[in-house]
Amino acid sequence: VGTGMVSGGLMYDNKWLEATAVVTYIKSWDNAKAMSVSNQVGGKSETIPWTAHYGISTLGCTLDANLKFGGFKLHTLFTWQDPRYTDYSNEFVFSDGTREVIDYTGKHVTGISQLMLEIDPSYTWKNVKVWASARYYSRQYVSRTNLAYFAGHWETFAGVDWKINEPLKLSVNFVNVLFQNGAKGSIDVADTITDASLLNNYVMSGSYIRPFTIDFMLTYKF
């Protein structure tokens, strides 16, 4: 697999602010994906195995900032990207002469959000630190045909860290503070479905985000 990248940006720093803006173009080629397509031929199912070669290209922009004021800190991260498949057309010819073309060229890459946002505030007072983190991921396409997708979702965290003494620290962490539901990732079995109506009542699942959880952790360093 070959990969090329061009990137450029600006940085700005002072006592209370660190900021970075970066624009990047990435292109890869000779990626490989094993797939298979089935069709009914003479009343029997005929399957053609296939190894497809394709490329991916994307233009992206990232803005990263850290704000500091006394014991308060705020980190923000914004990323926009548009990864799409290139040269990803496949033609299958079955024994009865039937041809099927599955073309993913120009489609969004599966399992990747176009927009990602992260907000991380924290405040430290003496030996106690209170922090939170909210991350947003926009929709992720499930199949390379882009007929199915997981909706965007937030992943939220918060916690309190108490440094009791030099070697000992007590932490309480909260996961999924907003009680969000959501899934992420891709499902390869849907890649060869080209008729959107076939996805009605089609059961699919991905990696689900964690439910609301409270973690207690005691750390001792020696």
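Use the structure listed above.
Now for a quick tour of the structure. Position labels on residues start from 1 in each chain and follow its written sequence. Only residues with pLDDT of at least 70 are given local features in this predicted model, and only at 80 or more are side-chain atom pairs given and counted; all residues enter the totals for whole chains, interfaces and linings. Calculated side-chain values reflect all of the structure's heavy atoms, with hydrogen atoms and water omitted.

**Comments concerning the nonpolar core**
So, step 1. Counting residues in hydrophobic clusters, the biggest one holds 13 residues, and the most contacted among them are Tyr85, Tyr88, Phe92, Phe94 and Tyr104.
So, step 2. In this description a helix means any DSSP run of H or I spanning at least four residues, a strand means any run of E spanning at least two, and both kinds are numbered starting from the N terminus. Secondary structure elements with two or more residues in this core: β2 (17-41) and β3 (44-69).
So, step 3. Contacts were defined at the residue level, with two residues in contact if any of their heavy atoms lie within 4.5 Å. Dropping the residues within four chain positions of it, Phe92 is found in contact with Met35, Val37, Ile48, Trp50, Thr98, Arg99, Glu100 and Ile102.
So, step 4. Grouped together as the second largest cluster of nonpolar side chains are 7 residues, Val142, Ala148, Phe150 and Ile193 included. Within this scheme, the nonpolar core is defined by two criteria: the residues are buried Ala, Val, Leu, Ile, Met, Phe, Trp, Tyr or Cys, and they are joined through side-chain atoms within 4.5 Å. For the exposure calls, accessible area comes from a 1.4 Å probe over protein chains only, and a residue counts as buried if that area is under 20% of its type's maximum, exposed if over 50%, partly exposed in between.

**As for the pattern of salt bridges**
So, step 1. Here, a salt bridge means any Lys or Arg side-chain nitrogen found within 4 Å of an Asp or Glu carboxyl oxygen. One pass over the full model with this rule turns up 7 salt bridges.
So, step 2. Between Lys68 and Glu18 there is a salt bridge, with the nearest N and O atoms lying 3.2 Å from each other. Highlighted residues: Lys68 in strand β3 and Glu18 in strand β2, separated in sequence by 50 residues.
So, step 3. A residue is classified by how much of its surface remains accessible, and Lys68, at 29% relative accessible area, is partly exposed.
So, step 4. The class for Glu18 is partly exposed, based on a relative accessible area of 34%.
So, step 5. Among the ionic pairs, Lys184 bridges to Glu155, the shortest N-O distance being 3.3 Å. Of this pair, Lys184 sits in strand β14 (residues 183-184) while Glu155 sits in strand β12 (residues 153-163), placing them 29 residues apart in sequence.

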